[in-house]
Amino acid sequence: MRRLRWRACALWALALVLPLAAAAAEDDFLDPEKAFAFSARVLDARTIEARWTIADGYFMYREKVSFAADNGVTLGAPELPRGKIKFDTNFNKDVETHRDELVVRIPVATGGGAFTLTAHSQGCADRGLCYPPQAQTAQLVLVASSAAVPPAAQTDEGRIEAALKSGSLAAVMPLFLLLGLLLAFTPCVLPMVPILSSIIVGQSAQDAPMSKARGLSLAAAYSLGMAIVYTAMGVAAGLAGEGLAAALQTPAVLAAFAAALVLLALSMFGFYELQLPASLQAKLAGISNNQRSGSYAGVFVMGAVSALIVGPCVAAPLAGALLYISQTKDVVVGGAALFSMAAGMSVPLLLVGVSAGSLLPRAGAWMEGVKKFFGALLIAVAIWMVSPVIPAWAHMLAWAALFIVSAAYLSAFDPLPAGASGWRRLWKGVGALLAIAGTVQIVGVATGGRDVLQPLQQLAARPGAATAVAVGDAKSRWLKVASVAELDAAIAANRGRVAMLDFYADWCVSCIEMERFTFHEQRVAQRLGRMLLIQADVTKNTPADKELLKRFRLFGPPGIIFFDPQGREVEGGRVIGFQNADAFLATIERAMEAATTAAAASTTLAVR
């Protein structure tokens, strides 16, 4: 009887508690404004960006998103990123959903001035609650569309974006193959040539005379390793929404790879032989039809590591592919683009391999000289690689040591024997020049010089001193920002000038090129003197650095963005990668013209 009473009491208590628990569970659901926080901003005269920040445990339906505007503003088709496919029991079908964040770009067809953007959407909670369709608004102001610069599709970035959005591999792959071929001749890729050449030379010295087929196959293995890792890292960076290069450009990683290159170089100078244990060599030889102990695997790994460490800087094609993957999650088209670009960058490497049979000398004294030459090139690549993370004086002394030791190998300090050949005299002269270059670097360090290309600049006469002051003044003109808040404050405080934001990092080769060869060119410096110059140093890749890059949908430096006097980004004025002085001057002129036109249109609207 007591048991029955206890059960009856328990059931009665549950009957009271369950409705209260259900009501409490309903109260746990967020208001739609908090579950799907909406904001919007004007990017330029023709583009609006809408953004939803979606709370954990909630999602939005892609097909339920739409936009409308009043006051004569006509919108184009919104650029919605791809969502994640899931079967939805509410609609009894597969639907695309978005979590965490949804960013939509909306083109403006016509109109301008103040208007209200209305965003329609619908979302649900994972626990089963579905919200009714929502209408959220934002008050925006557009410059009249007549102030816009030529459409983005007419720029390089626009053409890349259009090809990717077409989704056609037949259009994407040839374009990125060509773009990769153009990138192959940049300082970000060229260091791979001596690395591969040194490997082929080493194989030629150890094996039978190098044939064209053998050289091509080694180059193909190296290139394939580079392309696969480059594609995988690019896809990962796109999906993660941020660049991964900075994580690999730390002093420890660069020093480790540079040390590996130096060890390989010393073996080419004959200090020791790099070989696997005899038992492992025998096993690998049997597996690979008696080829030299796993050489293809070793070359493949070297290509993969080169892609990580010596890989190309961020350029327009790479930025476009990463942005496409980030927005659409389409790894097939994005990955195909990256692999095609890596294949294009590999063309010079394949040419090095296929020419090995005809260009490399046979075994003998000449071959030993070629090995030492490529050993010196490997050390040069190692010095170049660690230069961003070592002091300037150490950088100069490293080059001095390489020059002087190379001079010693060329017999610059040995007397010529009687009847020496013309070739021997020529190489002794080259050695003497290298010895002088090394001495100049040492003198430069001893007298306070800190520039490898101008080691004696501090000893120059008045004109040189004036130049040095001018360079220092140019650096002091930059306003440094380290966060989004600092950048917004700097742009808000700007009055009447076009602003230029430069993303920089010590490990970014193209950034250093832009600073040394472009910004300091006299004509460019004069034009920059009329602007507000802002620089974001993202060398350390801190969370604030990542937030700054993400703000402008960049995956790493270099990146240059122009703003008009009202603080709006100038459309079509982005610079991704290196530009020489002439090309950058043309970019500045376009940005200034667009900013002036936009300012005039804004004034006209204000008068009306």
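Note on numbering: residues in each chain are counted from 1, in written sequence order. In keeping with the predicted nature of the model, local features appear solely for residues at pLDDT of at least 70, side-chain atom pairs appear and are counted solely at 80 or more, and the whole-chain, interface and lining totals rest on all residues. Side-chain metrics in this entry use all non-hydrogen atoms of the structure; hydrogen atoms and water are not considered.

## Overview of the overall build of the chain
Helix and strand content of the chain: 23 helices and 16 strands. Residues counted as buried form 44% of the 608 residues belonging to the chain. Only heavy atoms enter the contact rule, under which two residues are in contact if any of them lie within 4.5 Å. Contacts spanning at least 24 positions in sequence make up 74% of the contacts within the chain whose residues lie at least 6 apart. Summing over all exposed atoms, the chain offers an accessible surface of approximately 29900 Å²; the carbon and sulfur share of this is 63%. Under the DSSP-based scheme used, a helix requires at least four consecutive residues in state H or I and a strand at least two consecutive residues in state E, with every element numbered from the N terminus. Exposed residues in this analysis have more than 50% of their type's maximum accessible area, buried residues have under 20%, and partly exposed residues fall in between, with area computed by a 1.4 Å probe over protein chains only. Areas reported as accessible are Shrake-Rupley estimates using a 1.4 Å probe. Residue values count occlusion only from the protein chains shown.

## Quick word on the confidence of the model for the chain
Looking at any residue, its pLDDT shows the predictor's confidence there, from 0 to 100. Confidence in the prediction of the chain, expressed as mean pLDDT, is 76, and 71% of residues score 70 or more. The model gives residues 8-26 a pLDDT under 50, and that stretch makes 2 contacts with residues more than four places away or in other chains. The low-confidence segment residues 144-154 (pLDDT under 50) makes 24 contacts with residues lying over four places distant or belonging to another chain.

## Some words on the sheet that holds strand β4 (residues 66-69)
Pairing between strands requires that DSSP locate at least two bridges from one strand to the other. Pairing is antiparallel in the open sheet, where 3 strands are placed in the order β4-β9-β11. The open sheet terminates on both sides in strands that have one partner only, identified here as β4 and β11 (134-142). The mean angle between the axes of side-by-side strands here comes to 25 degrees, regardless of whether they run parallel or antiparallel. Helix axes use the C-alpha atoms of the stretch in contact, all axes being lines fitted to C-alpha atoms, and the angles between their N-to-C directions lie in the range 0 to 180 degrees.

## Digging into the packing of helix α19 (residues 484-493) against helix α22 (residues 543-551)
Taken N-terminus to C-terminus, the directions of α19 and α22 make an angle of 55 degrees; their axes are 9 Å apart at the nearest point. Between α19 and α22, the angle is such that the two are oblique. Contact residues: α19 offers V484, L487 and D488, while α22 offers E547, L548 and R551. Each residue receives one of three labels: charged for Asp, Glu, Lys and Arg, nonpolar for Ala, Val, Leu, Ile, Met, Phe, Trp, Tyr, Cys and Pro, and polar for the others, Gly being one of them. Partitioned by chemical class, the residues of the contact of α19 with α22 number 3 nonpolar, no polar and 3 charged. Oblique is the label for every angle not falling under 35 degrees (roughly parallel), over 145 degrees (roughly antiparallel), or within 65 to 115 degrees (roughly perpendicular).

## Considering the pattern of salt bridges
What makes a salt bridge here is a side-chain nitrogen of Lys or Arg within 4 Å of a carboxyl oxygen of Asp or Glu, nothing more. Within this structure, the stated rule accounts for 13 salt bridges. Notably, a salt bridge pairs E96 with R82, separated by 3.4 Å at the nearest N-O pair. Taken together, the positions of E96 in strand β7 (residues 93-98) and R82 in the loop between β5 (74-75) and β6 (84-88) put the pair 14 residues apart, joining distant regions of the chain. Residue R82 is classed as partly exposed on the basis of its relative accessible area, which comes to 47%.

## Considering the state of the cysteines
The disulfide criterion used throughout: a pair of cysteine sulfur atoms within 2.5 Å. Under the definition given, this model contains 1 disulfide. Each sulfur in the disulfide pair C124 and C130 lies 2.0 Å from the other. Handedness here is read from the sign of the S-S torsion; for C124 and C130, about 95 degrees, the answer is right-handed. Judged by its relative accessible area of 1%, C124 is buried. For C130, a relative accessible area of 29% gives the class partly exposed.

## Some details on helix α4 (residues 169-183)
Here α4 spans 20 Å end to end across 15 residues, near enough to the 21 Å set by a 1.5 Å rise per residue. Residues of α4 that are buried include every one of V172, F176, L179, G180 and L183, and no others. Projected onto a plane normal to the axis of α4, the buried residues spread over an arc of 105 degrees and lie on a single side. For α4, the exposed residues set more than 90 degrees away from the buried face come down to A170 and L182. Expected span, for any helix, means 1.5 Å times one less than how many residues it has. Relevant arc is that of directions from the helix axis to the C-beta atoms, nothing else.

## Examining the nonpolar core
Note on terminology: a nonpolar core comprises buried Ala, Val, Leu, Ile, Met, Phe, Trp, Tyr and Cys residues joined through side-chain atoms within 4.5 Å. By size, the foremost hydrophobic cluster in this structure holds 49 residues, and its most contacted members are I195, L261, M302, M345, L378 and L402. Element by element, the count of residues in this core is highest for helix α15 (residues 365-386), at 11 residues.

## Examining the pairing of strand β1 (residues 36-44)
Note that β1 and strand β2 (residues 47-54) share 8 bridges and pair antiparallel. In the sheet register, D44 faces β2, and the bridge partner there is T47. Between the end of β1 and the start of β2, which pair antiparallel, lie 2 residues.

## Description of unusual backbone geometry
Look at D100: it is not a glycine, yet its phi comes out positive at around 70 degrees. With respect to the helices, strands and loops of the structure, D100 is situated in the loop between β7 and β8 (101-110). Non-glycine residue S411 carries a positive phi angle of around 65 degrees. Looking at the element boundaries, S411 is found in the loop between α16 (392-409) and α17 (422-446). What makes S411 partly exposed here is its relative accessible area of 24%.

## Some points on the sheet that holds β1
Read across the sheet, 4 strands follow the order β1-β2-β8-β5 without closing on themselves; strand pairing throughout is antiparallel. At either margin of the open sheet sits one strand with a lone partner, and together these are β1 and β5. As paired elements, β5 and β8 share 2 bridges and run antiparallel to each other. Residue L75 lies in a different strand from β8, and its bridge partner there is V108.

## Points about the packing of helix α12 (residues 331-345) against helix α13 (residues 347-354)
Contact pair α12 / α13: the axes reach a minimum separation of 4 Å and the direction vectors enclose 40 degrees. With respect to α13, the element α12 is oriented oblique. The segment α12 lies against α13, with A343, G344 and M345 engaging V347, P348 and L349. When its residues are assigned to classes, the contact of α12 with α13 shows 5 nonpolar, 1 polar and no charged.

## Thoughts on the packing of aromatic side chains
Aromatic rings considered in pairs are described by the distance between their centres and by the relative angle of their planes. Pairs were defined over the aromatic rings of Phe, Tyr and Trp, the Trp ring being its six-membered one, requiring ring centres within 6.5 Å. Orientation was assigned from the angle between planes: stacked under 30 degrees, edge-to-face over 60, tilted for the rest. For the coordinates displayed, the defined rule picks out 14 aromatic pairs. Plain terms: the ring middles of F503 and F552 are 6.0 Å apart, the flat faces sit at 65 degrees to each other, and that makes the pair edge-to-face. Of this pair, F503 sits in strand β13 (residues 499-504) while F552 sits in the loop between α22 and β15 (559-563), and the two are 49 residues apart along the sequence. The residues F503 and F552 share a single accessibility class, namely buried. Taken together, the ring pairs in this structure connect W478, F519, F562 and F584 into an aromatic cluster. Whether a charge sits over a ring comes down to the Lys NZ or Arg CZ being within 6 Å of the ring centre and within 35 degrees of the ring normal. Over the aromatic face of F29 sits the side chain of R127, whose NZ or CZ is 4.1 Å from the ring centroid.

## Examining a nonpolar patch on the surface
The grouping of L169, M173, V331 and V332 at the surface amounts to a nonpolar patch, some 310 Å² of accessible area in total. Mapped onto the nonpolar patch, the elements with two or more residues apiece are α4 and α12. Among the structural elements, L169 can be located in helix α4. The patch calculation keeps residues exceeding 30% relative accessible area without a salt bridge and links them within 9 Å when they carry like charges or within 5 Å when they are nonpolar (Val, Leu, Ile, Met, Phe, Trp, Tyr).

## Brief notes about the side chain of Q441
For Q441, the position within the fold is in helix α17. Apart from residues no more than four positions distant in its own chain, Q441 is found in contact with M396, A400, V452 and P455.

## Thoughts on α16
For α16, with 18 residues, the first-to-last C-alpha span of 26 Å sits near the 26 Å given by 1.5 Å per residue. Considered for burial, the residues of α16 that qualify are H395, M396, W399, A400, L402, S406 and A407. Summarising the axial view, the buried residues of α16 lie within an arc of 160 degrees, below the 170-degree limit, and thus occupy one face. Backbone geometry just after α16 places S411 at a positive phi near 65 degrees.

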